[in-house]
Amino acid sequence: DKSIQLHYIDSLDNDLKTFLNSHPNIALRGMDIGGGTPTALHEDVFCQLMDLYSYSVEYVTTSEDFEPSIEVTFQTLNHNKLSNIIGHGIKRISLGVQSTSAKTLLSYGREGASMQQMSGWMDDIHAAGITKINLDLMYGLKNQSPDSLRADLKKILELSPEQVTLYKFRPNMVNADSTCSKQELYESYCLMYEGLSEMGYVARFGQNTFSR
């Protein structure tokens, strides 16, 4: 509902300006827009969010290596929103994949993108001027197996993003239990760590973001 989205942006605007007025000497090395999917917003509301981002950046000091980033999904991104992102100087996009297995995603009521869709969008994003694409993957999901994780890695190799971020599934619903033991989660991370390392991605063991 657009009216609810507008109410959210108004509240965010108020909270952010109150915070900035109370902390006038902030210096930033980065800013991540997300922790949800900003591109799921209505077109007009998304424009307001981007304007609020620009206001925030103008209000603070940024380092020479300042890197703003925004979370999007293949299903909610369009070329107007991509142009808006570029126009506001954002150079890193993080795309939520979570799993390349349709069966796994269906367990959570999600629909994945095809390899053709993902590859096409990544080409368009790079062509538009984005210099760093990150793909998010999760482990510890229902219906995952070592074979399905290897299939994820194979598709990552084909897509070749600049970064890959691994997230352990953390249920946040009441009475929702983890689907994996700690040992299984550890083994899944090790499998992904080794696979990404073999592909040339670098991270210290235990970190979740891998870079080429």
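Every value quoted in this text rests on a predicted model; they were computed, and no experiment measured them.

About the thresholds
- Residues numbered from 1 in each chain as written.
- Predicted model: local features only at pLDDT ≥ 70, side-chain atom pairs only at ≥ 80, totals over all residues.
- Heavy atoms only, no water.
- Axes fitted to C-alpha atoms, helices over the stretch in contact; angles between N-to-C directions.
- Helix = DSSP H or I, 4+ residues; strand = E, 2+ residues; numbered from the N terminus.
- Left-handed = near helix turned anticlockwise from the far one by under 90°.
- Contact = heavy atoms within 4.5 Å.
- Nonpolar A, V, L, I, M, F, W, Y, C, P; charged D, E, K, R; others polar.
- Pairing = 2+ DSSP bridges.
- Salt bridge = Lys/Arg side-chain N within 4 Å of Asp/Glu carboxyl O.
- Buried < 20%, exposed > 50% of the residue type's maximum accessible area, 1.4 Å probe, protein only.
- 1 Å grid on protein atoms, 1.4 Å probe; cavity = no way out; pocket = protein on both sides within 12 Å on 5 of 7 lines; lining within 4 Å.
- Points joined across faces, edges and corners; volume = space filled by probe spheres on them.
- Right-handed = clockwise from strand over helix to strand, strands pointing away.
- Expected span 1.5 Å × (residues − 1).
- Arc of directions from axis to C-beta.

K.L.:
Quick one: what's the story with the packing of helix α3 (residues 79–87) against helix α5 (residues 115–128), residue by residue and with numbers?
P.N.:
Remark: α3 packs on α5, axes separated minimally by 10 Å, with the N-to-C direction vectors making an angle of 35°. Taken as a pair, α3 and α5 cross one another with a handedness that is right-handed. Mapping the contact onto sequence places His79, Leu82 and Ile86 in α3 and Trp121, Asp124, Ile125 and Ala128 in α5. Partitioning the contact of α3 with α5 into residue classes produces 5 nonpolar, 1 polar and 1 charged.

K.L.:
Describe the sheet that holds strand β6 (residues 209–211), listing the residues and the values that go with them.
P.N.:
Taken together, the 6 strands give an open sheet; going across it, the order is β1-β2-β3-β4-β5-β6, and neighbouring strands pair in mixed fashion. Since the sheet does not close on itself, it has two edges, and those belong to β1 (27–33) and β6, each with one partner. Neighbour to neighbour, the strand axes of the sheet diverge by 20° on average, direction disregarded. The pairing of strand β2 (residues 61–72) with strand β3 (residues 92–98) spans 4 bridges and is parallel. Following the sheet pairing, Ser69 is matched in β3 by Arg92. Here helix α7 (residues 182–198) sits on the sheet and contacts β4 (132–139), β5 (163–168) and β6; the angle it forms with β5, its principal contact strand, is near 175°.

K.L.:
A description of the pattern of salt bridges should follow, citing residues and the corresponding values.
P.N.:
Applying the stated criterion to the full structure yields 6 salt bridges. As a salt-bridge pair, Lys132 and Glu67 come within 2.8 Å of each other at their nearest N and O atoms. Of this pair, Lys132 sits in strand β4 while Glu67 is found in strand β2, placing the two residues 65 residues apart along the sequence. Among the residues examined, Lys132 registers a relative accessible area of 22% and is labelled partly exposed. Judged by relative accessible area, Glu67 falls into the partly exposed class, the value being 30%. Ionic pairing is found between Asp147 and Arg150, a salt bridge with its closest N-O pair at 3.1 Å. Of the two residues, Asp147 and Arg150 both sit in helix α6 (residues 146–159), 3 residues apart, roughly one turn of that helix. Asp147 sits in the exposed class, given a relative accessible area of 57%. Exposure remark for Arg150: the relative accessible area of 46% places this residue in the partly exposed category.

K.L.:
Hey, could you go over the layout of surface pockets for me, with residue numbers and the actual values?
P.N.:
To find the voids left in a structure, one rolls a probe of water-molecule size over its atoms. Computed from the structure, the second largest pocket encloses a volume of approximately 390 Å³. Forming the walls of the second largest pocket are 16 residues, and the residues nearest its centre are Tyr8, Leu12, Ile33, Gly34 and Leu49. Of all the secondary structure elements, the ones that give two or more residues to the lining of the second largest pocket are α1 (2–22), β1 and α2 (43–59). The class makeup of the residues in the lining of the second largest pocket is 11 nonpolar, 4 polar and 1 charged.

K.L.:
Break down the pairing of β5 for me, citing the residues and quoting the values.
P.N.:
The pairing of β4 with β5 spans 6 bridges and is classified as parallel. Paired with Asn134 across the bridge in β5 is Gln163. With α6 bridging β4 and the parallel β5, this β-α-β connection has right-handed handedness. Of the strand pairs in this sheet, β5 and β6 are connected by 3 bridges, and their pairing is antiparallel. Its bridge partner being in β6, Gln163 is matched across the sheet by Ser211.

K.L.:
Can you lay out α1 for me, pointing to particular residues and giving the numbers?
P.N.:
Taking 1.5 Å of rise per residue, 21 residues should cover 30 Å, and α1 covers 30 Å from first to last C-alpha, within 8% of that figure. Among all positions of α1, only Gln5, Ile9 and Leu20 are buried. The buried side chains of α1 occupy one side of the element, clustering within an arc of 40° when seen end-on. Facing away from the buried surface of α1 by more than 90 degrees, the exposed residues are Ile4, His7, Asn21 and Ser22.

Keep in mind these values describe shape, not function.
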